[in-house]
Amino acid sequence: AMAGALEPYLDSLRRELQAPGPAAFSVLLALLLVALTLLLWRLAQAGRSGRRAVLLLGLCDAGKTLLFARLLTGKYRDTQTSITDSSAVYRVSSDKNTNVTLIDLPGHESLRLQFLERFKAAARAIVFVVDSVAFQREVKDVAEFLYQVLVDSTVLKNAPALLIACNKQDVTMAKSAKLIQQQLEKELNTLRVTRSAAPTSLDGSAAGGPAQLGKKGKDFDFSQLPMRVEFVECSARGSKGEEGDADFEGLEKWLAKIA
């Protein structure tokens, strides 16, 4: 039935191709454009499917390593500041029966960018962990690191899904995900302005890297980025601390979605 319905259109296409003149050329050009679009889409999908890493980024003491351990084992464990990466296969709790490789990267200022450089090309997604309790004090440092991630050429090209995980929500003084988003957008906008005004080097490039983040002429917000950005509130410790379960259902659902 479908073939019969398409037959008149196929006949018309055949006649156009057989007839000389601009109409036939237009049809051929359209077919070539469609074929090229399909090819590029398949290459993009193949590249994305080949990227199976989920990077855990953030400042020191944000709770990345405990989140990493909780996701893999469900159990609490004492952690210390990481000086190297840790990786493990995480099986997504969904009907898709898929898995990703979680990679916990050091948050120390002297190490984090070199480890990001090593793993960024394999990133299917990024979980940027924020200490919601210390956020007000650390907001400039958090924004600085996040800015460096967002203007990275490989990250911009691959556009991995990005989750801002607002951790330590079990503590009364924790800031909400909404406030953290607002403050980060404000700080990133300020960074964009100051970096765009940075002096250029001898080769003409800006000393601070790419000058433009988001849309020119508009205050920055996360919707302007090429990747999808979401915020969740979570707690690697959980409300009962070491004895209880962690509270990161939103993170688990997000991992299942991006896998």
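Residues numbered from 1 in each chain as written. Predicted model: local features only at pLDDT ≥ 70, side-chain atom pairs only at ≥ 80, totals over all residues. Heavy atoms only, no water.

Asks: Go over the overall build of the chain with me, naming the residues and quoting the values.
Replies: Looking only at helices and strands, the chain features eight helices and six strands. Taking all 259 residues of the chain together, 40% fall into the buried category. (Helix = DSSP H or I, 4+ residues; strand = E, 2+ residues; numbered from the N terminus. Buried < 20%, exposed > 50% of the residue type's maximum accessible area, 1.4 Å probe, protein only.)

Asks: Mind laying out helix α4 (residues 112–119), listing which residues take part and the relevant values?
Replies: Side chains that are three or four residues apart share a direction in an α-helix, a result of its 3.6 residues per turn. Within α4 the residues assigned to the buried category are Arg112, Phe115, Leu116 and Phe119. Seen end-on, α4 carries its buried residues on one side only, within an arc spanning 105°. For α4, the exposed residues lying more than 90 degrees away from the buried face are Glu117 and Arg118. On its buried side, α4 packs onto β1 (53–58), β3 (99–104), β4 (123–131) and α5 (135–150). (Arc of directions from axis to C-beta. Contact = heavy atoms within 4.5 Å.)

Asks: Describe the pattern of salt bridges, naming the residues involved and giving the relevant values.
Replies: One pass over the full model with this rule turns up nine salt bridges. Where Glu144 meets Arg195, a salt bridge forms, and the shortest distance between an N and an O atom there is 2.6 Å. Placement of Glu144 in helix α5 and of Arg195 in helix α7 (residues 177–196) is noted, with a sequence separation of 51 residues between them. Since its relative accessible area comes to 22%, Glu144 is described here as partly exposed. Note that Arg228 and Glu230 form a salt bridge whose closest N and O atoms lie 3.1 Å from each other. We classify Arg228 as exposed; its relative accessible area is 59%. Residues participating in the shared-partner salt-bridge network are Glu117, Lys120 and Asp152. (Salt bridge = Lys/Arg side-chain N within 4 Å of Asp/Glu carboxyl O.)

Asks: So what about the sheet that holds strand β6 (residues 229–233)? Which residues, and what values?
Replies: Adjacent strands of a sheet form backbone hydrogen bonds with each other and so pair up, either parallel or antiparallel. One open sheet holds the six strands; their spatial order is β2-β3-β1-β4-β5-β6, and the pairing between them is mixed. In this open sheet, the two edge strands, each paired with only one partner strand, are β2 (86–91) and β6. Strand after strand, the sheet turns through a mean of 25° between neighbouring axes, direction not considered. Taken together, the five bridges between strand β5 (residues 161–167) and β6 define a ladder with parallel strand orientation. If you follow Leu163 over to β6, its bridge partner there is Glu230. (Pairing = 2+ DSSP bridges. Axes fitted to C-alpha atoms, helices over the stretch in contact; angles between N-to-C directions.)

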